[in-house]
Protein chains: 4
Amino acid sequence: MIKAGIVGASGFAGAELMRIITGHPEVEIAFVTANQHKGTAVSDLYPNLTGVVEKNFTIYDPSLLKSAEVVFVGLPHGASMQVVPEIAAKGVKVIDLSGDFRFSDAAVYESWYGVEHAARGMLGRAAYGLSEIYADGIKKAAFVSNPGCYATGALLALAPLIKGDMIHSNTIVIDSKSGASGAGRSPKQETLYCTIDENLSGYKVGGKHQHIPEIEMVLSDLAKEEIAVTFTPHLVPMGRGILTTAYATLSKRLTTVQVIELFSKYYEGKPFVKVLPEEKMPQTKAVAGSNYCHIGLAVDARTNRAVVLSAIDNLVKGASGQAVQNMNLMLGLPEDMGLEMIGLYP
Amino acid sequence: MIKAGIVGASGFAGAELMRIITGHPEVEIAFVTANQHKGTAVSDLYPNLTGVVEKNFTIYDPSLLKSAEVVFVGLPHGASMQVVPEIAAKGVKVIDLSGDFRFSDAAVYESWYGVEHAARGMLGRAAYGLSEIYADGIKKAAFVSNPGCYATGALLALAPLIKGDMIHSNTIVIDSKSGASGAGRSPKQETLYCTIDENLSGYKVGGKHQHIPEIEMVLSDLAKEEIAVTFTPHLVPMGRGILTTAYATLSKRLTTVQVIELFSKYYEGKPFVKVLPEEKMPQTKAVAGSNYCHIGLAVDARTNRAVVLSAIDNLVKGASGQAVQNMNLMLGLPEDMGLEMIGLYP
Amino acid sequence: MIKAGIVGASGFAGAELMRIITGHPEVEIAFVTANQHKGTAVSDLYPNLTGVVEKNFTIYDPSLLKSAEVVFVGLPHGASMQVVPEIAAKGVKVIDLSGDFRFSDAAVYESWYGVEHAARGMLGRAAYGLSEIYADGIKKAAFVSNPGCYATGALLALAPLIKGDMIHSNTIVIDSKSGASGAGRSPKQETLYCTIDENLSGYKVGGKHQHIPEIEMVLSDLAKEEIAVTFTPHLVPMGRGILTTAYATLSKRLTTVQVIELFSKYYEGKPFVKVLPEEKMPQTKAVAGSNYCHIGLAVDARTNRAVVLSAIDNLVKGASGQAVQNMNLMLGLPEDMGLEMIGLYP
Amino acid sequence: MIKAGIVGASGFAGAELMRIITGHPEVEIAFVTANQHKGTAVSDLYPNLTGVVEKNFTIYDPSLLKSAEVVFVGLPHGASMQVVPEIAAKGVKVIDLSGDFRFSDAAVYESWYGVEHAARGMLGRAAYGLSEIYADGIKKAAFVSNPGCYATGALLALAPLIKGDMIHSNTIVIDSKSGASGAGRSPKQETLYCTIDENLSGYKVGGKHQHIPEIEMVLSDLAKEEIAVTFTPHLVPMGRGILTTAYATLSKRLTTVQVIELFSKYYEGKPFVKVLPEEKMPQTKAVAGSNYCHIGLAVDARTNRAVVLSAIDNLVKGASGQAVQNMNLMLGLPEDMGLEMIGLYP
């Protein structure tokens, strides 16, 4: 069995990594660290792992690294950059789930994250882990920066339109809706049950969310031109799931069926993206707990806009599932190994 | 006391009319009809009205009309047009909550609703009951067509931008999210608890929702030019509330503060619209059960788009509350009489 | 207008007091204190009060007391005992919503609350504010201790059985289920959206909840004998509401109809308790936002147990609504003044 | 691969059987029938199975039986008895998920289910499929009657107390709370989103639920005396999960720790039952999507009652997971094969 360590394992992404890796036939957990929960049983924080992951959280220590071939870093941004260079330096494969290594330009990072970058030497060295688009680079990489959850949903919805050169690139509006698990495990007024229940709101409205530069980086890369988007995140009273509704004006007249064909071709052979037939729209619950991304499409002929909806589980395809998918690619394992979980519906 | 009748009172809009009118100091309920629930106690369907509205549903009969000065029609579209002409002919004030009389052109109605219009002679005779915008006409009207819930949220978000001539009118994208009560009381697979719970999806994507022509009618009227919009409704796992996120490209450079000022001025003296200060965004739960509409604003300077969010309770400001507001205007009562209910939060 | 002050107004009970008093025809808010939110606008914490309660939280200061005839204390237990003696000493009417003054015996308080009592001289001086049962005492009182939310639901369900001498008093089992607002506004891991959503659990199982001595105190008072109960609270994924299911073995054979008659007689003339007919069971949503308590009854003839279900809104009848009801009684106003709000359903 | 057929596959239990069997390493789906959805793609009803189960529902026909070694029957009670005799007669192993074959006495069935039994010759021939208790019989059986969801939760909570002879058997009170998926897939007023959301209620109160005789049958069998219980089911605003709170008076003094030890011993070697340590209580979300049952215990020393809480996923351990567990036992496969799914938390 291949040994995997998880640094920063007490957050939701860490918990999902534990859940997924437990079922992986070729990989097992070497260690789970969480400095603030040192000594705590994993099942005290995650009762679903009772009798399943019988480990305690430990303090992160570089000496742990020799017990693992691959390490997932589930720390918050700002903290991740403190440990990733060391892990990479030991020759251990690293998959970082934070935003710390998604940009090659420190200035971009610093302006959106409001944090000084402490590991500039590592910038530009990670493969961007959007598995469906950058698989070739990921397969060769020893260091992968896993995408943001919103970015994953938005990019899978928009990439085929951009690659197909089908839209006016300055007309992109992305309206995303996320379940509350995206806000993490720390108790805050904003993520209290009584705040979110039966409530719906937008936040960081007006081009302020830190996943914007990541979306623009990839779209610009695919388009070979600079693209700016308007992106609005919303918080929805549910635990898991991101539904992204993306809008763009078509540069020519196309029918819904034609756009579906283009998407189907683009995602041919990609096991986790399902392009739905005409009149079907994705539902977040259909992918809950799974690594799938469902995509639905319609052209608004009256305004000549394409409307693309994508649904993912933010903690799986938007975080830990995609991280394991990237690990599989890096290790030369089948891309979908250990990721066969099916969405929980109802 | 003024007597009000409710025809088609067994749906959610009817139930809310009963709840609201029960607390109105100048109006009382004369009768409640619901043919399919003839003889059933109101509290059997709406247990919140136990010991509060001690009436039974009756069959609709024109002879009831002489007992009321004003009649609300809460029937579905297609059914409403069967009774409204008769009510109006008796000289009773009518407020119709269906879509049947929102358009003057039967062809528009028929193409969006898929139903032949059976009362063409009445078309164009109703005042469109968006109280904040058409109060003058409503005050003089004996027949009001109450707006659709999505239309109310979208129009209150966009009217000041259009009136202020601040946007390129062909760039409007409206992304709306509604709680499940908008889908009504009839049991359907789509509105089952297990379908909606922890789920999020879009429907009628690509310019198919019947509130679109209503939104375009009013925006075009305000702009004095034809406006077409892209509108996507979504279903959110909560009971009440519509959050509308509207996007449009500004025709000049404006700051968020400038746009807020414009909105504040536009809604000055309107008791139910609250324009929020910079950095505050509306939440549906803040208006749940109330007739308020909260509006939040931000300019995305990077793309020069205005982003407007409005929150309403779809059953109150989006239906029955606005209907009572219109009744107050029609009867010369204070606009907010009986509508002082405050949102239930948490 | 009568002036009411609220000390400790930033919690959910405080917010509901503001919502309710705003609609009260004879009372208005004099001041709202919340030391940790000094200077914050009320609507920053409670967006439903935007444009409705245009006040800022202030620091509590005894000099405020002269501006009010009645003061509600919404502080947590332990903190309430620090200010109540001072308020009472000034001759201002006090309604305390904490558990600090519910017992005459300091030892009972200290063993269940784990806090030393700092105002023993005030013990036994407050009327216990279960309005339906102790109205006579409340009318004469200048100091009322408002009941706990669970205690209210349980006592309204059990009092008629005890008073009617219909059960074996050592067979009482109370299984209560509460929405999350009962756990208050402070962010905690246990009250995070992601902890409660789609989850159901019991807590303080095995006779550990601090509302137990309060339930036993009143039942014993009514029975004129010592009664001990088994009580288990549960946390349910919803915002508001307590459903209590109480079980007791009947001391004689009775039918469901006979028990309903007994309850109906017991609650005759009580405006807020509705005893439901046979086969109807209470639903928490029917009373959400209202001061009503709905009670449903069935006898399990096979085991000769009575099963009583009561539903209240924990923040209204279980806290702030009952506090206003007690205020009305204390001030000689109609018991239901300002409390006509109807449950929000759906 | 072993071939399994599902008769009546369009309900929630059928959908879960498809989800689980898809991941089973030794079994694959032979056919899925659903007469009313003949020809419909499975993924049209269950979008989580898009691209995963690429089958259409067919009409049930006995000729299908030769393609399967084992058949699950997911039909409603009353319908199941129409096909089970035929399946059993062909020598195909049958696991029936309905209530039709849980009793050996037709009179018991008929009085609780209100349906005449049409296959009396088959009564008493099925092993009762509560896997943890009747594994020996199930291993030898060709015909298993899978337990009801409430019965599973209640029996796993009470069996050790009965077997250990620790309680007064006439003091059992069972208060169960179920998510809405227990009510099935058919649209009904009672299971509409707007009815259940933010609502909590009891139903079939007073000894009327059809799982009562099943609970009493097993408890009586274990106790070797007739036992009657009071059982109240409740409907909770969540999709999955049953939390059962069971109460019984201890026949001797025992501590919580002693009772936990007894339970731990009783369930030793049972892979799906986890007895929690002192002070930990089960949560339904910890077992959502999994076949686990978590049990928490406390003794209320003041009243000498044991309080036992058990949590299961009603669709998995309460239905399809236990059915697969029984299939494994019948086929001589490891009991937990294909059932390693971990609860989805958060």
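Note that residues are indexed from 1 along each chain, following the sequence as it is written. Ligands are numbered from 1 and chains lettered from A, in the order in which they are written. Predicted model: local features are reported for residues with pLDDT of at least 70 only, side-chain atom pairs are reported and counted for 80 or more only, and whole-chain, interface and lining totals are derived from all residues. To get the side-chain values, take all heavy atoms of the structure and skip hydrogens and water.

Here the copies are superposed with least squares, the fitted atoms being C-alpha atoms of residues at a pLDDT of at least 70 in both. Note on the identical chains: chain D maps onto chain A by a rotation of 180° and an axial translation of 0.0 Å, with an RMSD of 0.0 Å. These values place the two chain copies in the arrangement generated by a two-fold rotation axis. Here a residue-residue contact requires only that any non-hydrogen atoms of the pair lie within 4.5 Å. Counting the interface residues of chain D, we find that 100% of their copies in chain A are interface residues as well, pointing to one common contact surface.

With an RMSD of 0.0 Å, the fit of chain B onto chain A corresponds to turning through 180° and sliding 0.0 Å along the axis. In this assembly, 100% of the residues forming the interface of chain B have copies in chain A that are likewise at the interface, indicating an isologous arrangement.

Let us look at the side chain of N199 of chain D. The way it works is that DSSP assigns letters per residue, a run of H or I at least four long becomes a helix, a run of E at least two long becomes a strand, and they are numbered from the N terminus. Examined against the element boundaries, N199 of chain D turns out to sit in the loop between α7 (193-196) and β8 (201-202). In protein, a polar contact requires one atom able to donate a hydrogen and another able to accept it; more generally it is a pair of N or O atoms within 3.5 Å, and residues adjacent in sequence count only if both atoms are side-chain atoms. Polar side-chain contacts of N199 of chain D include one of 2.9 Å to the backbone oxygen of T195 of chain D. Excluding residues that lie within four positions of it along the chain, N199 of chain D makes contacts with M238, Q283, T284, K285 and Y345 of chain C together with L235 and P237 of chain D.

A common way to state how big an interface is: give the accessible area lost once the parts meet. All names here are of chain A. Here the bounds of each domain stem from an automatic or database domain assignment. As far as domains go, chain A holds domain 1 (2-125) and domain 2 (150-314). One C-alpha centre belongs to domain 1, the other to domain 2, and the line joining them spans 26 Å. Of the residues lining the interface, 12 residues belong to domain 1; the matching set on domain 2 comes to 14 residues. Buried area between domain 1 and domain 2, summed over both chains or domains, comes out near 1,100 Å², and the portion from carbon and sulfur atoms is 61%. By buried area we mean the combined loss of accessible area, with a 1.4 Å probe, across both parts when two parts are placed together. Broken down residue by residue, the surface that domain 1 buries against domain 2 is led by F12, R102 and W112, which jointly contribute 53%. Here R102 makes a salt bridge to E214, at a shortest N to O gap of 3.0 Å. Counting the contacts that link domain 1 with domain 2 gives 3 residue pairs in polar contact (both at pLDDT 80 or more). Taken together, the elements giving at least two residues each to the side of domain 1 that touches domain 2 come down to α1 (12-22) and α4 (106-113). Of the residues assigned to the side of domain 1 that touches domain 2, the class counts are 7 nonpolar, 2 polar and 3 charged. Salt-bridge detection follows one rule: a side-chain nitrogen of Lys or Arg within 4 Å of a carboxyl oxygen of Asp or Glu. Each residue gets one label: Ala, Val, Leu, Ile, Met, Phe, Trp, Tyr, Cys and Pro are nonpolar, Asp, Glu, Lys and Arg are charged, and the others, such as Gly, are polar.

This part covers the sheet that holds strand β9 (residues 230-235) of chain C. Residues and elements named next belong to chain C. Pairing in this open sheet of 7 strands is mixed, and the strands run β8-β9-β7-β10-β13-β12-β11 from one edge to the other. Edge positions in the open sheet fall to β8 (201-202) and β11 (273-275), since each of these has one partner strand only. Taken together, the 2 bridges between β8 and β9 define a ladder with antiparallel strand orientation. For S201, the partnering residue across the bridge sits in β9 and is L235. Any two strands between which DSSP finds at least two bridges are classified as paired.

This structure, assessed with the given rule, holds 52 salt bridges over all chains. Close ionic contact of E216 of chain B with R302 of chain A constitutes a salt bridge, the shortest N to O distance being 2.4 Å. Here R302 of chain A lies in the loop between β12 (293-300) and β13 (305-312) and E216 of chain B lies in helix α8 (residues 212-223), a pairing that spans two chains. Classification of residues uses two cut-offs on accessible area relative to the type maximum, computed with a 1.4 Å probe and protein chains only: under 20% is buried, over 50% is exposed, and between them is partly exposed. The class of R302 of chain A is partly exposed, set by a relative accessible area of 35%. With a closest N to O distance of 2.9 Å, R19 of chain D and E16 of chain D form a salt bridge. Here R19 of chain D pairs with E16 of chain D, and both are found in helix α1 (residues 12-22), just 3 residues apart, close to one helical turn. Note on accessibility: R19 of chain D and E16 of chain D belong to one class, buried. Connected via shared salt-bridge partners are E16, R19, R240 and D313 of chain A.

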